[in-house]
Amino acid sequence: MNKPKIINLPKILDKRGNLSFIEGGNHIPFNIERTYWIYDVPGGEQRGGHAFKLQHEFIVAMSGSFDVVIDNGNERKVYHLNRSYFGLYIPNGIWRQMENFSTNSLALVVASTKYNEADYIRNYEQFENLINE
Ligand code: TYD
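Residues numbered from 1 in each chain as written. Predicted model: local features only at pLDDT ≥ 70, side-chain atom pairs only at ≥ 80, totals over all residues. Heavy atoms only, no water.

### A closer look at the layout of surface pockets
Picture a little ball the size of a water molecule; that probe, rolled over the atoms, points out where space is still empty.
Phase 1: Within this model, the largest pocket holds a volume of roughly 280 Å³.
Phase 2: Broken down by element, the lining of the largest pocket gets its largest block of residues, three residues, from strand β8 (residues 76–81).
Phase 3: Residues of the lining of the largest pocket, tallied by class, amount to six nonpolar, three polar and five charged.
Phase 4: Looking at the second largest pocket, its volume works out to about 190 Å³.
Phase 5: Lining the second largest pocket are R34, Y36, W37, I38, R47, G48, H50, F52, R96, Y115, Y120 and R122.
Phase 6: The set of elements that each furnish at least two residues to the lining of the second largest pocket consists of β4 (34–39) and β5 (47–52).
Phase 7: Looking at the lining of the second largest pocket residue by residue, the class counts come to six nonpolar, two polar and four charged. (1 Å grid on protein atoms, 1.4 Å probe; cavity = no way out; pocket = protein on both sides within 12 Å on 5 of 7 lines; lining within 4 Å. Points joined across faces, edges and corners; volume = space filled by probe spheres on them. Helix = DSSP H or I, 4+ residues; strand = E, 2+ residues; numbered from the N terminus. Nonpolar A, V, L, I, M, F, W, Y, C, P; charged D, E, K, R; others polar.)

### Regarding the sheet that holds strand β6 (residues 57–63)
Sheet strands line up and pair through hydrogen bonds in the backbone, either parallel or antiparallel.
Phase 1: The sheet built from five strands is open, its strands ordered β1-β9-β6-β11-β4 with antiparallel pairing. Of all strands in the sheet, those bounded by a partner on one side alone are β1 (5–8) and β4. In this sheet, adjacent strand axes meet at a mean angle of 25° when their direction is disregarded.
Phase 2: Two strands pair when backbone bridges link them, and β6 and strand β11 (residues 106–111) are joined in this way by six bridges, in the antiparallel orientation. Bridged to F58 within β11 is V110. (Pairing = 2+ DSSP bridges. Axes fitted to C-alpha atoms, helices over the stretch in contact; angles between N-to-C directions.)

Right under this line is the structure:
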């Protein structure tokens, strides 16, 4: 089974400014079906708090910083994302929450599926039951 991991992205350094990019199936281990972003998060708010049955995703802090707390049913790990040249890959079947958003932070999420509410597991007990099946 795939594991969550930090993936470093290409970084083209230039005196005019830096450039990074993501290619589906190349820098991240899935094809890109959707991109969405989370912004203007009020101080102290949390996002996420769910798992996906099938969707894989890759999260980048395009601006500012935030924490991604991931939980595979046995252990929790916190990743602090604060640069736009790396991100966190999260396979399906992992509970994840985003918190500690800095002012003006911008979270980019690249996903392997189109939006489908039926793919969400929003209940932690249900998540634990699925993991232990
Ligand atoms: P949700 O994924 O629950 O947000 P978060 O995990 O960041 O807390 O989505 C919030 C709402 O937005 C929910 O009603 C579904 C809707 N939504 C879409 O319509 N399309 C999308 O691509 C996403 C990610 C969410």
